Amino acid sequence: MSLKKLNTVLAAVVVLFTLYLGLSFVLPLGTTFPGLANWPSDGSGFSIVKGSREIAMGLAMGILLVTGHRRPLGWVLLMMAVTPFGDMVNVLAHHGSTAAALGIHGLTAALIAVTGLLILRETGKARRAQETAAPAPAAQPA
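Each residue is numbered by its place in its chain's sequence as written, counting from 1. Selection of residues for local features in this predicted model requires a pLDDT of at least 70, selection of side-chain atom pairs for listing and counting requires 80 or more, and totals for whole chains, interfaces and linings are taken over all residues. Hydrogens are left out, water is left out, and the side-chain values use all remaining heavy atoms of the structure.

1. Observations concerning the overall build of the protein chain
Each helix is a run of H or I in the DSSP string that is no shorter than four residues. Each strand is a run of E no shorter than two, and both are numbered from the N terminus. When its secondary structure is counted, the protein chain shows five helices and zero strands. Taking all 142 residues of the protein chain together, the buried fraction comes to 33%. Of the contacts formed within the protein chain by residues at least 6 apart in sequence, a portion of 72% connects residues at least 24 apart. Note that accessible areas follow from Shrake-Rupley with a 1.4 Å probe, and for residues the cover is restricted to the protein chains shown. Surface summary for the protein chain: the accessible area is close to 8700 Å², and the carbon and sulfur share equals 71%. When a residue's accessible area, from a 1.4 Å probe over protein chains only, is under 20% of the maximum for its type it is buried; when over 50% it is exposed; and in between it is partly exposed. Two residues qualify as a contact provided that any one of their heavy atoms is within 4.5 Å of a heavy atom in the partner residue.

2. Here's the deal with the UniProt feature "transmembrane region" (unreviewed entry) in the protein chain
Look at the UniProt record and you will see "transmembrane region" (unreviewed entry) annotated at residues 48–66, 73–93 and 99–120. Span residues 73–93 is 95% helix and 0% strand, its end C-alpha atoms 30 Å apart. End C-alpha to end C-alpha, residues 99–120 measures 30 Å, and it is 100% helix and 0% strand. UniProt positions are given in the numbering used here, feature names are shortened, and annotations may be inferred rather than shown by experiment.

3. Overview of a nonpolar patch on the surface
On the surface, Met 1, Leu 6, Val 9 and Val 13 cluster together into a nonpolar patch covering about 400 Å² of accessible area. By the secondary structure assignment, Val 9 is in helix H1 (residues 3–26). Patch membership is restricted to residues that have no salt bridge and whose relative accessible area is over 30%. Joining uses 9 Å for like charges and 5 Å for the nonpolar side chains Val, Leu, Ile, Met, Phe, Trp and Tyr. Criterion for a salt bridge: a side-chain nitrogen of Lys or Arg within 4 Å of a carboxyl oxygen of Asp or Glu.

4. Quick word on the nonpolar core
Residues Ala 11, Met 61, Leu 73, Leu 77, Met 80 and Ile 112 are the most contacted members of the largest nonpolar core, which totals 14 residues. Contributions of two or more residues to this core are made by H1, helix H2 (46–67), helix H3 (70–80) and helix H5 (98–133). Not counting chain neighbours up to four residues away, the residues in contact with Ala 11 comprise Leu 65, Leu 73, Leu 77, Thr 115 and Ile 119. Among buried residues, the Ala, Val, Leu, Ile, Met, Phe, Trp, Tyr and Cys ones that are joined through side-chain atoms within 4.5 Å form a nonpolar core.

5. A short note on H5
What a helix should span is 1.5 Å times the count of its residues minus one. The end-to-end C-alpha distance of H5 is 50 Å, a good match for the 52 Å that 36 residues give at a rise of 1.5 Å each. Across the chain, bend at a residue is computed as the angle between axes fitted to the seven residues ending at that point and the seven starting from it. The principal kink in H5, of about 30 degrees, is found at Gly 106.

6. Looking at unusual backbone geometry
A positive phi is found at His 95, a non-glycine position, where the angle reads about 60 degrees. The exposed category is assigned to His 95, whose relative accessible area is 75%.

7. Describing H3
Residues Arg 70, Leu 73, Gly 74, Val 76, Leu 77 and Met 80 constitute the buried set of H3. The inward-facing, buried residues of H3 contact H1, H2, helix H4 (82–93) and H5.

8. Regarding the side chain of Thr 123
By secondary structure assignment, the location of Thr 123 is in helix H5. N or O atoms within 3.5 Å of each other form a polar contact, as long as, within protein, one can give a hydrogen and the other can take it, and as long as residues adjacent in sequence are counted only when both atoms are side-chain atoms. A distance of 3.1 Å separates a polar atom in the side chain of Thr 123 from the backbone oxygen of Leu 120. What Thr 123 contacts, discounting residues up to four positions off in sequence, is Arg 70 and Arg 71.

9. Observations concerning the environment of Thr 123
The class of Thr 123 is buried, set by a relative accessible area of 12%. For the pair Thr 123 and Gly 74, spaced 49 residues apart in sequence, the C-alpha separation works out to 8.7 Å.

10. Here we look at the packing of H1 against H5
Between N-to-C directions, angles cover 0 to 180 degrees, with each direction set by a line fitted to C-alpha atoms, over the stretch in contact for helices. The N-to-C vectors of H1 and H5 enclose an angle of 145 degrees; their axes lie 10 Å apart at closest approach. Crossing of H1 over H5 shows left-handed handedness. Residues Leu 3, Lys 4, Asn 7, Leu 10, Ala 11 and Val 14 of H1 pack against Leu 111, Ile 112, Thr 115, Leu 118, Ile 119 and Glu 122 of H5. Grouping the amino acids of the contact of H1 with H5 by side-chain chemistry returns eight nonpolar, two polar and two charged. Throughout, a crossing is termed right-handed when the near helix is turned clockwise from the far one, and left-handed when it is turned anticlockwise from it by less than a right angle. Here the nonpolar group is Ala, Val, Leu, Ile, Met, Phe, Trp, Tyr, Cys and Pro; Asp, Glu, Lys and Arg are the charged ones; every other residue, Gly included, is treated as polar.

11. Brief notes about the pattern of salt bridges
Within the structure shown, the criterion is met by four salt bridges. Salt-bridge contacts for Glu 54 lead to Arg 53; the nearest nitrogen and oxygen are separated by 2.8 Å. Residue classification places Glu 54 among the buried positions, given a relative accessible area of 5%. Notably, a salt bridge pairs Glu 122 with Arg 70, separated by 2.7 Å at the nearest N-O pair. Remark: Arg 70 occurs in helix H3 and Glu 122 occurs in helix H5; sequence separation between them is 52 residues. Take Glu 122: its relative accessible area is 11%, and that puts it in the buried class.

Written out as structure tokens, the structure reads:
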């Protein structure tokens, strides 16, 4: 499997999982919040805010993936890795489960960041190959 195909599969998994996660918080599916014992009650709107954030992230990444803007997708994936990292810090700061913080949010942040770095590496190699293949323009006489 080529690096581009692997990156596309990883990015698609990240996008689809992010959209699924967002929808599971917004729709009344009985979602629980792993890691913290004392989450806000269902009437607080916490799940709507968290779900809306996840849906927006998934849509941003998905649009870049579908339209083929691979280099911006790599940067956006790196930027989006901050969100699960922040969730991990939030769980740890509020005395939640360390295993859930690291195992769920930490690994998710790492997967998203690695996917972004792989896409940036792939697009960087393609850019360098294109630059070396294209001859430099000839100097025009004055």
